Amino acid sequence: MSYATSFWTRSVAVGDFNNDIRLDIVVANQYDNTISVLLGYGNGSFANQTKYSTGNTPFSVAVGDFNNDTHLDIVVANANDNTVSVLLGYGNGSFANQIKYSTGSGGVSVAVGDFNNDTHLDIVVVNQLDNTVSVLLGYGNGSFANQMIYPTGSSPWPVAIDDFNNDTHLDIVVANWGDNTITVLLGYGNGSFANQTRYLTDSEPRSVAVGDFNNDTRLDIVVAYYGNNTVSVLLGYGNGSFANETKYSTGSGPQFVAVGDFNNDNRLDIVVANWNDNTMSVLLGYGNGFFANQMTYSTGISPSSVAVGDFNNDTRLDVVVANLNEKSVSVYLGYPNEGFLNQMRLITGNGSRPKSFAIGDFNNDGQTDIVVANSGTNNVGIFLKYDNDSFASQITYSTDSSPWSVAIGDFNNDTILDIVVANHDNDNVGIFRGWGNGSFSCQKTFSTGFNSQPSAVAVSDFNNDTLLDIIVANYGTSNVGVLLGYGNGSFTDVKSFSTGYDSLPFSVSVGDLDNDGKLDFAVANKGADNLKIFLQTC
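Residues numbered from 1 in each chain as written. Predicted model: local features only at pLDDT ≥ 70, side-chain atom pairs only at ≥ 80, totals over all residues. Heavy atoms only, no water.

Enquirer: Can you walk me through the domain arrangement of the protein in this structure?
Expert: The figure often quoted for interface size is the accessible area lost as the parts come together. Here the protein is described as being made up of domain 1 (2-332) and domain 2 (354-534). Using only C-alpha atoms to locate each centre, domain 1 and domain 2 end up separated by 45 Å. (Domains from an automatic or database assignment.)

Enquirer: I tried to follow unusual backbone geometry on my own but got confused; where do I start?
Expert: Note on backbone geometry: most residues besides glycine have negative phi, and most peptide bonds are trans. Positive phi, close to 70°, is recorded for Thr70, a residue that is not glycine. As for its position among the elements, Thr70 is in the loop between β6 (58-64) and β7 (73-78). In this structure, Asn229 takes a positive phi of about 60° despite not being glycine. Mapped onto the elements of the fold, Asn229 is located in the loop between β19 (220-225) and β20 (230-234). (Helix = DSSP H or I, 4+ residues; strand = E, 2+ residues; numbered from the N terminus.)

Enquirer: In this structure, what is going on with the sheet that holds strand β44 (residues 520-525)? I would like to understand it.
Expert: Taking strand neighbours across the sheet as the criterion, the 3 strands line up as β43-β44-β45 in an open arrangement whose pairing is antiparallel. The open sheet has two edge strands, β43 (505-511) and β45 (530-534), and neither has a second partner. Each neighbouring strand pair of the sheet contributes to a mean axis angle of 20°, computed without reference to strand direction. With 6 bridges joining them, β43 and β44 adopt antiparallel strand pairing. Looking across to β44, one finds that Pro505 is bridged to Asn525. (Pairing = 2+ DSSP bridges. Axes fitted to C-alpha atoms, helices over the stretch in contact; angles between N-to-C directions.)

Enquirer: How should the environment of Ala522 be read in this particular structure?
Expert: Residue position: Ala522 is located in strand β44. As for Ala522 and Phe59, which are separated by 463 residues in sequence, their C-alpha atoms are 46 Å apart. The residues touching Ala522, leaving out its near neighbours within four places in the chain, are Ser507, Val508, Ser509, Leu513, Leu531, Lys532 and Ile533. (Contact = heavy atoms within 4.5 Å.)

Enquirer: How should the pattern of salt bridges be read in this particular structure?
Expert: Side-chain pairs of opposite charge can arise whenever the charged atoms involved come near each other. In total, this model carries 5 salt bridges according to the counting rule given. Here Asp81 ties to Lys100 by a salt bridge, and the two come within 3.2 Å at their closest N and O atoms. Linking Asp81 in the loop between β7 and β8 (83-87) with Lys100 in strand β9 (residues 99-102), this pair joins segments that are 19 residues apart in sequence. A salt bridge links Arg198 to Asp179; the nearest nitrogen and oxygen atoms lie 2.6 Å apart. Of the two residues, Arg198 is situated in strand β17 (residues 197-200) and Asp179 in the loop between β15 (171-176) and β16 (181-185); the sequence distance between them amounts to 19 residues. Owing to a relative accessible area of 24%, Asp179 belongs among the partly exposed residues under this scheme. (Salt bridge = Lys/Arg side-chain N within 4 Å of Asp/Glu carboxyl O. Buried < 20%, exposed > 50% of the residue type's maximum accessible area, 1.4 Å probe, protein only.)

Enquirer: I keep staring at the pairing of β45 and nothing clicks. Help me out?
Expert: Sheet faces and side chains relate simply in a regular strand, where the side chains alternate between the two faces. Sheet topology places β44 next to β45; 5 bridges connect them, and they run antiparallel. Among the inter-strand pairings, Val523 is bridged to a residue of β45, identified as Lys532. Taking the residues between adjacent antiparallel strands as the criterion, β44 and β45 are bridged by 4 residues, where Asp529 takes a positive phi near 55°.

Enquirer: Help me understand the layout of surface pockets, please; the structure alone is not making it clear to me.
Expert: A probe matching the size of a water molecule, rolled over the atoms, marks out where space remains unfilled. Here the second largest pocket defines a volume of roughly 850 Å³. In terms of lining residues, the second largest pocket is bounded by 35 residues, among which Val12, Val61, Val110, Val159 and Phe256 are the most central. For the lining of the second largest pocket, the secondary-structure elements that each account for two or more residues are β2 (9-15), β6, β10 (107-113), β14 (156-162), β18 (205-211), β22 (254-260) and β26 (303-309). (1 Å grid on protein atoms, 1.4 Å probe; cavity = no way out; pocket = protein on both sides within 12 Å on 5 of 7 lines; lining within 4 Å. Points joined across faces, edges and corners; volume = space filled by probe spheres on them.)

Now the structure itself:
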């Protein structure tokens, strides 16, 4: 499932921003100097983005409660103006305007933690252009002290934090892609850090994450190597030092790495975003420091960042990927013993604004095909499925203006599926008769009433004559309309049922709601903030 963001979605993080116990998403949009917040519905889907301004070239984003008000806040590293932006959360999913703090040059990665054990969250930023990290200690009221700077290796990029030497003080690890090393800075627990210790790595380390991969209660490190398409695992000794790396193959150009238990076996696994071949790799852990070969999943274009969380509240970890060159994020829902639900993109066309879809076998080959109502280009698109689970390119048929909803049924009793679409701006429904080979006739329209603005359509047999009928939710006239079918592809004039003054119905569903053998329908009314039930009595 993909959701629109803005230009160059460089980084992604998750948290509950509106205190509804459902995870939300925040992404950094590098080229238009914003972040996008997408609030989660708790079923794996998300609302449209809300954007907030940042500094110049936001490159990385993290979340935490910086002012101790129990509401999550956001921090963004701005690469081209040498600042971080802090946006304090109101706890309802919205945020205050940014407050900026100076950092080093070229901030490309940010993380949060309590570095001086005062229960207030602090910030660490990687400054790629001057080969340093900046530590900004938090006052607990949403403001921060001036930066303290520590040297790293050449061209540092990603940062992670945890306690690598078991002294209860947070430490810092940074991957330096300019000299193929990682830097470990051990924390003293007072907000300051020891001089770096560097470990030689492989080609172009781009990302780093930490976790206990061999269940010895000592933290380990995983590094993504962009230059040779691998990740390496370095097992920790618990004293701040690490064993030699073990390498595993990934896709092409691994850009970002994260960890989580994706198959619920209490062993940490690895997920990697692969920039060059538009995939993500999942490597399941054996719990002894070793990992299975990768499983790959398609992403959007140029996956740049990945985050992990349970987005549909099924106790299984899901994954969100930021697709930098596609202005989108992709969400992958986790399934037991099956890995992740594999996403597949079907292209509906520029400006198509697909509003609704339905499925059925349109060419009688035993495969399930898809029809989409493209509200922006005034057509319906047909995707015929092949027996290898892929789909043919879209075939379009012109509708009237702004098709909002689509449904299918056999309206002329020839055992071949037909299509009905609700044309919102022309106050009608359009019927496309199927030929049984995946192609359809031009539409024939039937009025839904003057200024009716039909927003949803469904089909069923309402008068028990074995012929399919049509029901529409008329947003403009606050009623539902029923068009009884003659069984030859044509219909009676619309008969309307009021849903209440200014109720603005936008969705309708049909079923036998009282178990009396007669079809009823339910209507969701946007204007009245209610769900109205119509029981059939005769």
